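Read off the chains here:
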Amino acid sequence: MTKEEFLEHCLNTYGTTPDCPFSDDFETAVLRHKDNRKWYALLMKLSRRKFGFDSDEVIDVVNLKVPMELSCSFGVEDGVYPAYHMNKLHWVSVLLPDAPEDVVRFLVSVSFELTEKKKSVQNMAIINTATKYLYLFLISFSSLPLMFLTFFTTLFSLHGHLV
């Protein structure tokens, strides 16, 4: 996959365009979420030598975030290496000319999902509030027969009809 194909995929799939955050480097680009501005991809030009090759050829490399369990699942045959200049437990470097297109697409989708804005905190607050009200509602209705039974038992016992 070329750099242009990668950027086109990100635009078409996620609606994101590259951003060059480093004032002295216009070759390095970041792809970010629109809502939280978190990076999900860092696109760079690096020498193959950085990845243990005996070559100074400069290639396009993208760093992508992955879960720790997945960081060791890919290897050099997939064009995937421990991340260059990033946390190697959470990021991988993908050599775009070497990696199969399906591997790149899969890893970028994983990275995009991992860096998405966390909606669960707000949703959990709503769910917890709703659960409390539902619980109170059910408790109040489930105790109605008991309340009626207690009321009528007391009423009849006062008149000598029961007990």
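Up top you'll find the structure we're talking about.
Not measured: the values here are computed from a predicted model.

### Re the packing of aromatic side chains
- Considering all chains together, one arrives at six aromatic pairs under this definition.
- Ring plane angle 65° and centroid distance 5.7 Å describe the contact between Tyr14 and Tyr40, whose orientation is recorded as edge-to-face. In this pair, Tyr14 is assigned in helix α1 (residues 3-14) and Tyr40 in strand β2 (residues 39-47), connecting sequence segments 26 residues apart.
- Judged by relative accessible area, which is 17%, Tyr14 ranks as buried.

### Focus: the nonpolar core
- Within the largest apolar cluster, 25 residues are counted, with the highest numbers of intra-cluster contacts made by Phe6, Tyr40, Val62, Val94 and Leu107.
- For this core, the elements supplying multiple residues, two or more each, are α1, β1 (29-32), β2, β3 (58-65), β5 (91-95) and α3 (101-114).
- Examining the composition of this core, we find that six residues originate from one element, α3, more than from any other.
- The residues touching Val62, leaving out its near neighbours within four places in the chain, are Phe6, Ala41, Leu42, Leu43, Val92, Ser93, Val94 and Leu96.
- Among the nonpolar cores identified, the runner-up in size contains nine residues, and Leu42, Met44, Tyr81 and Leu95 belong to it.

About the thresholds
Throughout this document, residue positions are counted from 1 along each chain, in the order its sequence is written. With pLDDT at 70 or above as the cut-off, local features in this predicted model cover only qualifying residues; side-chain atom pairs require 80 or more to be listed or tallied, and sums for whole chains, interfaces and linings still use all residues. Only hydrogens and water are removed before side-chain values are computed, so all heavy atoms of the structure are retained for them. For Phe, Tyr and Trp, rings pair up if their centres lie within 6.5 Å, where Trp contributes its six-membered ring, and each pair is then called stacked (planes under 30 degrees apart), edge-to-face (over 60) or tilted (otherwise). Counting from the N terminus, the helices are DSSP H or I runs at least four residues long and the strands are E runs at least two residues long. Note on exposure labels: buried denotes an accessible area under 20% of the residue type's maximum, exposed denotes more than 50%, and partly exposed covers the range between, all computed with a 1.4 Å probe on protein chains only. Among buried residues, the Ala, Val, Leu, Ile, Met, Phe, Trp, Tyr and Cys ones that are joined through side-chain atoms within 4.5 Å form a nonpolar core. Note on definitions: a residue-residue contact is assigned when non-hydrogen atoms from the two residues lie within 4.5 Å.

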